[in-house]
Amino acid sequence: MTKAYAAQTTDSPLAPFEIQRRDLRPNDVQIEILYCGVCHSDLHQARNEWKGTIYPIVPGHEIVGRVTAVGNDVTKFKSGDLAGVGCMVDSCRECVNCKKGLEQYCKVGNVQTYNGRDRITGDVTYGGYSKEVVVREEFVLSISDKLPLAQVAPLLCAGITTYSPLRHWKVGKGHKIAVVGLGGLGHMGLKLAASFGAEVTMLSTSPDKEADARRLGAQKFVNTRDPEQLKAVAGYFDFILDTVSAEHDYALYLKLLNTDGVMMCVGAPPTPARVPVFTLMDARRSLAASGIGGIPETQEMLDYCAEHGISSDIEIIDIAYINEAYERMLKSDVRYRFVIDMASLT
Ligand code: NAP
Ligand code: ZN
Ligand code: ZN
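Residues numbered from 1 in each chain as written. Chains lettered and ligands numbered in written order. Predicted model: local features only at pLDDT ≥ 70, side-chain atom pairs only at ≥ 80, totals over all residues. Heavy atoms only, no water.

## Quick word on helix 10 (residues 295–308)
Next, step 1: Between the first and last C-alpha of helix 10 there are 20 Å, a value that for 14 residues agrees with the 20 Å anticipated at 1.5 Å per step.
Next, step 2: All of the buried residues along helix 10 are Ile-295, Glu-297, Thr-298, Gln-299, Met-301, Leu-302, Tyr-304, Cys-305 and Ala-306.
Next, step 3: Phi turns positive one or two residues past the end of helix 10, at Gly-309, with a value near 65 degrees. (Helix = DSSP H or I, 4+ residues; strand = E, 2+ residues; numbered from the N terminus. Expected span 1.5 Å × (residues − 1). Buried < 20%, exposed > 50% of the residue type's maximum accessible area, 1.4 Å probe, protein only.)

Here it is, written out as structure tokens:
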């Protein structure tokens, strides 16, 4: 049995739980989990905010650790290697999107690291708030030893989820981009967009985060609760990367886009977006969304971050602190990602 932390119902806190990891199949990699980042999606799903949660749920999809065993057919990994696992552990691997390395958009549906179902047994998948995980090798990422391991964990979701749309829309030099929400995704979006050469503005509801935003790469900071500050950047941006986790007014931000500007949504509030079409029509603006990133792009992002010294700003926590961490996340009090030290799970 493997030690883990699980939520048993919509409103029960996370608590110790034991799970059974499968015996290694020929293509499987077994990983001892050393660190796991805490994503707001963990909270959304532990509390069934997106509906469809299968209980008990063991969240966690920002996993880094060390390989402890491999199946007979595994070629990419051996015992002792550093390894990472993000939001997916399998997909059909055959459809047009999988063939393009867009497994997140698998036509059959990818298998999520937790709250998914194994394609062979149908068993519910359990995530990274645990000591160990067994994953098919195609879905295991190589991790460089150049960066502190705990700070790499959040790249597996927050990193790739912001890297992918920034690359897809080719954000870089000469562009003005605003990042909305300075949390886990937001702080990675800020660092990455700045490293791609764009002029980055932080749009935040927390004025006390201004100094951090500037240190992380923002050239401007706008307190979105101040209408005067918002007015000063009306029609200003080429792109907006929206990482907000809670219900908010999309039109308020859309108006800040220049003609032909694109708002890339990665935040996933449970409530639907309400957008007057005129806000788009006024300036041929686009409202778009993007989901995590495929496996090849995730590896590309990890390699890019290792090369450029980019990692997450984290607060390391013991697993027993997880429920308090969730409450702080809800209060926008994350600086800027909680990462669980799995040595604390005993
Ligand atoms: P997080 O660390 O909690 O950060 C969210 C930030 O949003 C907060 O720190 C806050 O920043 C801002 N915010 C919160 N409530 C707000 C409100 N009512 N109005 C305006 N801003 C508000 O969360 P995260 O882990 O970065 O995740 C963010 C969202 O992305 C979640 O919904 C998550 O499920 C989703 N997500 C999506 C994908 C994907 O594939 N698209 C992947 C991972 C996560 P300020 O204090 O600066 O205002
Ligand atoms: Zn996530
Ligand atoms: Zn597929």
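## Some thoughts on the coordination of the zinc ion (ligand 3)
Next, step 1: All of the protein donors around the zinc ion (ligand 3) are Cys-92 (SG), Cys-95 (SG), Cys-98 (SG) and Cys-106 (SG); their distances to the metal are 2.3 to 2.4 Å.
Next, step 2: Taken together, the four donor atoms coordinating the zinc ion (ligand 3) span angles of 103 to 121 degrees at the metal, a pattern that classifies the geometry as tetrahedral. (Donors = N, O, S within 2.8 Å, 3.2 Å for Na, K, Ca; no water. Tetrahedral: all angles 85-135°; square planar, octahedral: opposite > 155°, others 65-115°.)

## Some details on the pattern of salt bridges
Next, step 1: Evaluation of the coordinates by the stated rule reveals 18 salt bridges.
Next, step 2: Across the pair Arg-214 and Glu-210 runs a salt bridge whose closest N-O atoms are separated by 3.0 Å. You can see Arg-214 and its partner Glu-210 sitting in helix 6 (residues 210–216), four residues apart, about one turn around the helix.
Next, step 3: You can call Arg-214 partly exposed: its relative accessible area is 40%.
Next, step 4: The class of Glu-210 is partly exposed, set by a relative accessible area of 30%.
Next, step 5: For Asp-260, the salt bridge goes to Arg-284, with nearest N and O atoms at 2.6 Å. Pair noted here: Asp-260 is in strand 14 (residues 257–265) and Arg-284 is in the loop between helix 9 (277–281) and strand 15 (286–289), with a separation of 24 residues, a long-range link.
Next, step 6: One network of salt bridges, with partners in common, ties together Arg-22, Arg-25, Asp-28 and Asp-118. (Salt bridge = Lys/Arg side-chain N within 4 Å of Asp/Glu carboxyl O.)

## Things to note about the coordination of the zinc ion (ligand 2)
Next, step 1: Around the zinc ion (ligand 2), the protein contributes the donor atoms Cys-39 (SG), His-61 (NE2) and Cys-157 (SG), which lie 2.0 to 2.3 Å from the metal centre.
Next, step 2: Ordering the donors of the zinc ion (ligand 2) by residue number gives the pattern C-x21-H-x95-C. Of this pair, Cys-39 sits in the loop between strand 3 (28–38) and helix 1 (40–46) while Cys-157 is found in the loop between helix 3 (149–152) and helix 4 (158–168), placing the two residues 118 residues apart along the sequence. An identical accessibility class is assigned to Cys-39 and Cys-157; each is buried.

## Topic: the site of ligand 1
Next, step 1: Within the structure, ligand 1 sits among 31 residues, and Ser-204, Thr-205, Ser-206, Lys-209 and Arg-337 are positioned closest to it.
Next, step 2: Taking Leu-182, its main chain carries an N or O atom lying 2.7 Å from an oxygen atom of ligand 1.
Next, step 3: Residue Ser-206 places a side-chain N or O atom 2.5 Å away from an oxygen atom belonging to ligand 1.
Next, step 4: Notes on ligand 1: free accessible area 920 Å², of which the protein chains cover 91%.
Next, step 5: Those elements that place two or more of their residues in the shell around ligand 1 are helix 1 and helix 5 (184–195).
Next, step 6: For the shell around ligand 1, the leading source of residues is helix 1, giving three residues.
Next, step 7: Along the lines of polarity and charge, the residues of the shell around ligand 1 split into 12 nonpolar, 16 polar and three charged. (Near = heavy atom within 4 Å. Polar contact = N/O pair within 3.5 Å; in protein donor to acceptor, adjacent residues only side chain to side chain. Areas by Shrake-Rupley, 256 points an atom, 1.4 Å probe, with all protein chains shown as cover. Nonpolar A, V, L, I, M, F, W, Y, C, P; charged D, E, K, R; others polar.)

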